Amino acid sequence: MAAQETQAAQQSSVSNGEVSSNGAAASGEVVQTGATALDPQQQQQQQQPNAWQVIKGVLFRIFIIWAISSWFRRGPSTPDPSTPAGAPRLPSRNLFPKDTLMDLYVYISENEIFTDFNNTEALFWYQQDLVYGDWTTGESGDGCYEHYQELDLSENTIFFFCVKQNGSTYIHIYFTKSGFHPDPKRKGQYRRLSTVHSTRMLNKYKRRKFLKTKNLLTGETEADPEMIKRAESHGPVEIISHWHPNLTINMVDDHTAWVKGSVPPPLDQHVKFDAVSGDYYPIVYFNDYWNLQKDYHPINETLQNLPLRLSYCPLSLWRWQLYAAQSARSPWNFLADDTYEQSDEDQDSVKVALLETNPYLLGLTIVVSIVHSIFEFLAFKNDIQFWNSRQSLEGLSVRSIIFGVFQSLVVLLYILDNETNFVVQVSVFIGLLIDFWKITKVMDVRLDRENRIAGIFPRLIFKDKSTYVDSSTKIYDDMAFKYLSWLLYPLFGCYAVYSLLYVEHKGWYSWVLSMLYGFLLTFGFITMTPQLFINYKMKSVAHLPWRMLTYKALNTFIDDLFAFVIKMPMMYRIGCLRDDVVFFIYLYQRWIYRVDPNRVNEFGTSGVERSKDSPAQAVAADTTAAITDKSEGEKKND
């Protein structure tokens, strides 16, 4: 089952380690898209993330972020620097009372700071007599208004220079009380406390990476020749501007008496206070939460126009808090950009699940995901407890533990070679350290300071423990791996030849890693069978960590359920099924080996010795051995 845990980690590493061509970050940030020249067969090896895996990962990340945020936010909020020391903090009010009549001005410009109010070409939308906090007017009776227009990208237009020349395009939103104008130069028509302004970049920059892969034998590649030329001219990374046709402008219907300097994050980034009056402006929020990354399109020379649909809608306070929390990023930004790109991809998968999944099934998925995470934690806890308190290795496959270290090492090298995000790298590295720790529990490890390597470094000496060598376990373990090698070596050779002939790679090092990784992902479950063989030879299963195995089995059954309910790759479904087959064999062995007659009870006798006396004594000995076997197994698991 150690190999089963490693295989599950491998599957999650593949899905989390992919680089999507649709990843995006917040406005103005440069994000990385997927490999353009990636071979289709190599893409098939990397399974696409599914909603089941994504929801589990997002729930776990939310818990970790909440725990870290709670730790760092225990202190009082940071005081506002503009507030004099010792001055009382008074509650403020919204500068726009309920049902205030407003006018909406929307300008589009290449400048982040807009001043050209007299340019009619820059005015994209003008809407009069909006009512602040009204939820009944509008085209659909929900307080929402919409405006659609296609931006002309022909030469000598403002949008040509903003967009087609790979420049930035900004949208400027102004809400003014009815009868006022946003231009400060218009005397008598402009009032500072009656104007709300917000700006945002419309286009997003993404990095497109070119992976130079080829067939190592022929030197040929199936990549698009045009992409190869662009890679040669622009380098391995090209920055491309992308466009999304939809954007929603929300004005939050909120009249909370916020206190300056005490607004909790991340809401403090959106509440703007007036420096003179101390009151705050209405909150204008650019809502692109439901804009999926796959709907962003690159802007190139062939485009003649760009569609843009703007929507204005009121937004309640609690919904705005949800959106703001989802869109916010931690101020302790010590992770690479790729980590947040993967977060954007995960959020996209969750959005698709929310939009397309039946609500009842979605609720069940969330509940079972939480239960699944609890079982994973309990399995990890009991696994550590079992190996930490284990004194005898009789009946346990030590070679399976060693092979598990090799599997974890291959997974770590593979994800490092494929530039997986930082979170996945850390999790796999921690798993590898735990596997190394298990080596110290199943073998005697010491430093030989007399026979140093190159006369400098002490030599590590590994020696089997006496409880493993003295028993018949080592013989059965060697026998199981000998039989297993008859099957694994031919499969390994065939897979290596196939990978070399039909799959493109970056180089020989990448070929070795991808070949080993693909082989372990496909046939790694076979390494769970040596323990079955040892159980069969010893006619006992009392030495196994049954609590940990039970938690893992429950998780496997949960995976089976959702593998056939939620759309998933067929290989993933087959992987869940084959793990079930192995565990059912474990259960069958537990049923047929309920009593171990060779085990010595607390009176110093075994069932075999007692059976030589009389049939009645043999029955009593079997009963005592069964009770002893059960109690000792529970103590070891505890």
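Calculation notes
- Residues numbered from 1 in each chain as written.
- Predicted model: local features only at pLDDT ≥ 70, side-chain atom pairs only at ≥ 80, totals over all residues.
- Heavy atoms only, no water.
- UniProt positions renumbered as here; feature names shortened; annotations may be inferred.
- Phe/Tyr/Trp six-rings, centres within 6.5 Å; stacked < 30°, edge-to-face > 60°.
- Helix = DSSP H or I, 4+ residues; strand = E, 2+ residues; numbered from the N terminus.
- Buried < 20%, exposed > 50% of the residue type's maximum accessible area, 1.4 Å probe, protein only.
- Lys NZ or Arg CZ within 6 Å of the ring centre and 35° of its normal.
- Polar contact = N/O pair within 3.5 Å; in protein donor to acceptor, adjacent residues only side chain to side chain.
- Contact = heavy atoms within 4.5 Å.
- Pairing = 2+ DSSP bridges.
- Axes fitted to C-alpha atoms, helices over the stretch in contact; angles between N-to-C directions.
- Core = buried A, V, L, I, M, F, W, Y, C linked by side-chain atoms within 4.5 Å.
- Disulfide = S-S within 2.5 Å.

As annotated in an unreviewed UniProt entry, the chain is CLPTM1 regulator of GABA type A receptor forward trafficking from Cyprinus carpio. We quote the UniProt Subcellular location (unreviewed entry) comment for the chain here in full: "Membrane".

Here the focus is the packing of aromatic side chains. Scanning all chains against the criterion turns up 23 aromatic pairs. With a centroid separation of 5.8 Å and 90° between ring planes, the pair formed by Trp508 and Trp511 is classed as edge-to-face. Taken together, the residues span about one helical turn, with Trp508 and Trp511 both in helix α13 (residues 508–523) at a distance of three residues. Overall, Trp508 belongs to the partly exposed group, its relative accessible area being 47%. Note on Trp511: relative accessible area 14%, which makes it buried. An aromatic cluster is built from Tyr105, Tyr107, Phe114, Phe117, Tyr126 and Tyr174, whose rings are joined through pairwise contacts. Above the face of the Phe96 ring, Lys177 is positioned so that its terminal group lies 5.3 Å from the ring centre.

Tracing the backbone shows His244 in the loop between β8 (237–243) and β9 (246–252). The exposure class of His244 is buried, given its relative accessible area of 7%. Reaching out from His244, the side chain makes a polar contact with the backbone nitrogen of Asn246 at a distance of 3.2 Å. Those residues in contact with His244, other than ones at most four positions away along the chain, are Asn291, Leu292, Asp295, Tyr296 and Leu308.

Strand order in the open sheet formed by four strands is β4-β12-β9-β10, and the pairing between neighbours is mixed. Looking along the sheet, the strands with just one partner apiece sit at the ends: β4 (145–152) and β10 (284–287). When strand polarity is set aside, the average angle formed by the axes of neighbouring strands in this sheet is 25°. For β9 and strand β12 (residues 305–315), the ladder comprises seven bridges, and the chain directions are parallel. Note on β12: the bridge partner recorded for Asn246 is Arg309. In the packing of helix α6 (residues 317–327) onto the sheet, contacts are made with β9, β10 and β12, and the angle to β10 comes to roughly 55°.

Here we take up the nonpolar core. By size, the foremost hydrophobic cluster in this structure holds 48 residues, and its most contacted members are Trp387, Leu393, Ile415, Val442 and Leu544. Elements with a contribution of two residues or more to this core: α8 (359–389), α9 (398–417), α10 (422–442), α12 (473–502), α13, α15 (546–565) and α16 (570–592). Counting 30 residues, the second largest nonpolar core, distinct from the first, contains Ile173, Val196, Met251 and Leu306.

Looking along a regular strand, one sees the side chains alternate between the two faces of the sheet. Extensive coverage of strand β6 (residues 195–201) is indicated by the burial of five of its seven residues. Two elements, strand β5 (residues 170–177) and β6, share seven bridges in a ladder whose sense is antiparallel. Each bridged residue has a counterpart across the sheet, and for His172 the counterpart in β6 is Thr199.

We now examine the UniProt feature "transmembrane region" (unreviewed entry) in the chain. Taking the numbering used here, the UniProt-annotated feature "transmembrane region" (unreviewed entry) corresponds to residues 360–380, 396–416, 422–439, 483–502 and 508–529. Here residues 360–380 is 100% helix and 0% strand, with 30 Å between the C-alpha atoms at its ends.

Time to look at the state of the cysteines. Here, the word disulfide means a covalent bond between the sulfur atoms of two cysteines. Applying the stated rule across the entire model yields one disulfide. Here Cys144 pairs with Cys313 through a disulfide, and the sulfurs are 2.0 Å apart. The sign of the 125° torsion about the S-S bond sets the Cys144-Cys313 disulfide as right-handed. Of this pair, Cys144 sits in the loop between β3 (123–131) and β4 while Cys313 sits in strand β12, and the two are 169 residues apart along the sequence.

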